[in-house]
Amino acid sequence: MSATQLRTLQTGHVGLNVTDLARSIAFYRAVFGLDVTAEGTDPERRYALLGRDGRLVVTLWQQSTGAFAPAAPGLHHLSFEVESLDEVRTAEKLLRGLGAEFAYDGVVPHREGSASGGIFFTDPDGIRLEVYTRTGVDGTEAAAPTADAPTCGFF
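Not measured: the values here are computed from a predicted model.

A. Spatial organisation of the pairing of strand β2 (residues 35–40). Strand direction decides the pairing type here: β2 and strand β3 (residues 47–52), joined by five bridges, are antiparallel. Across the sheet, residue valine 36 finds its bridge partner in β3, namely leucine 50. Connecting the antiparallel pair β2 and β3 is a turn made up of six residues.

B. Molecular detail of helix α1 (residues 21–32). Over its twelve residues, α1 extends 16 Å from the first C-alpha to the last, a length consistent with the 16 Å expected when each residue adds 1.5 Å. Where α1 begins, the capping side chain belongs to aspartate 20, and its oxygen is found 3.3 Å from the backbone nitrogen of alanine 22. Positive phi shows up at glycine 33, right after α1, with a value of about 65 degrees.

C. Just the packing of α1 against helix α2 (residues 85–98), in detail. Taken N-terminus to C-terminus, the directions of α1 and α2 make an angle of 150 degrees; their axes are 9 Å apart at the nearest point. In terms of orientation, α1 and α2 fall into the roughly antiparallel class. Here α1 contributes Phe27, Ala30 and Val31 to the contact with α2, which in turn contributes Leu94, Leu95 and Leu98.

D. Representation of the pairing of strand β8 (residues 128–133) within the structure. Taken across its six residues, β8 has six buried, putting it largely inside the fold. Of the two faces of β8, the one lined by Arg128, Glu130 and Tyr132 and the one lined by Leu129, Val131 and Thr133 are each fully buried. Sheet analysis places strand β5 (residues 78–81) next to β8, joined by four bridges and oriented parallel. Looking across to β8, one finds that serine 79 is bridged to glutamate 130.

E. Spatial organisation of the pattern of salt bridges. Across all of its chains, the model carries four salt bridges by this definition. With its nearest N and O atoms 3.0 Å apart, the salt bridge here joins aspartate 125 to arginine 23. Here aspartate 125, found in the loop between β7 (117–122) and β8, pairs with arginine 23, found in helix α1; they are 102 residues apart in sequence, far enough to count as distant. You can call aspartate 125 buried: its relative accessible area is 6%. Where salt bridges share partners, they join Glu92, Arg96 and Asp105 into one cluster.

What counts and how
Residues numbered from 1 in each chain as written. Predicted model: local features only at pLDDT ≥ 70, side-chain atom pairs only at ≥ 80, totals over all residues. Heavy atoms only, no water. Pairing = 2+ DSSP bridges. Helix = DSSP H or I, 4+ residues; strand = E, 2+ residues; numbered from the N terminus. Expected span 1.5 Å × (residues − 1). Polar contact = N/O pair within 3.5 Å; in protein donor to acceptor, adjacent residues only side chain to side chain. Axes fitted to C-alpha atoms, helices over the stretch in contact; angles between N-to-C directions. Parallel < 35°, antiparallel > 145°, perpendicular 65-115°, else oblique. Contact = heavy atoms within 4.5 Å. Buried < 20%, exposed > 50% of the residue type's maximum accessible area, 1.4 Å probe, protein only. Salt bridge = Lys/Arg side-chain N within 4 Å of Asp/Glu carboxyl O.

The structure is reproduced here in structure tokens:
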């Protein structure tokens, strides 16, 4: 290994710009069971750090206007892995109750013949999100929207 290679690498937290901090905190807490670990209430610098089991997962920064722009450079989508298809379906039911917008109807495989798949939806600011599982989707759900490319790339 060269000096420029990292020995270990994991994704850390993800920071998101939001338009309404209170609304976004409520959404991320309800959907993902995250706890607010810190919050900045200065009107000019509002933010919230959200985590779970002692680990920071998402930071929310109220410093934007408008809606998420999927065609602009930057974040494509944020994905969360769960252990089972049942958990994906539980998240889908909760999100439907919250009135979330979905890219596809129901759980879909990542590509044709794939055992992995999930649900694809947006948060209150239009940020694209995914909840998926690695196994259990093959043959049990709808066909992949694109047969030869990952579903998560085209929503």
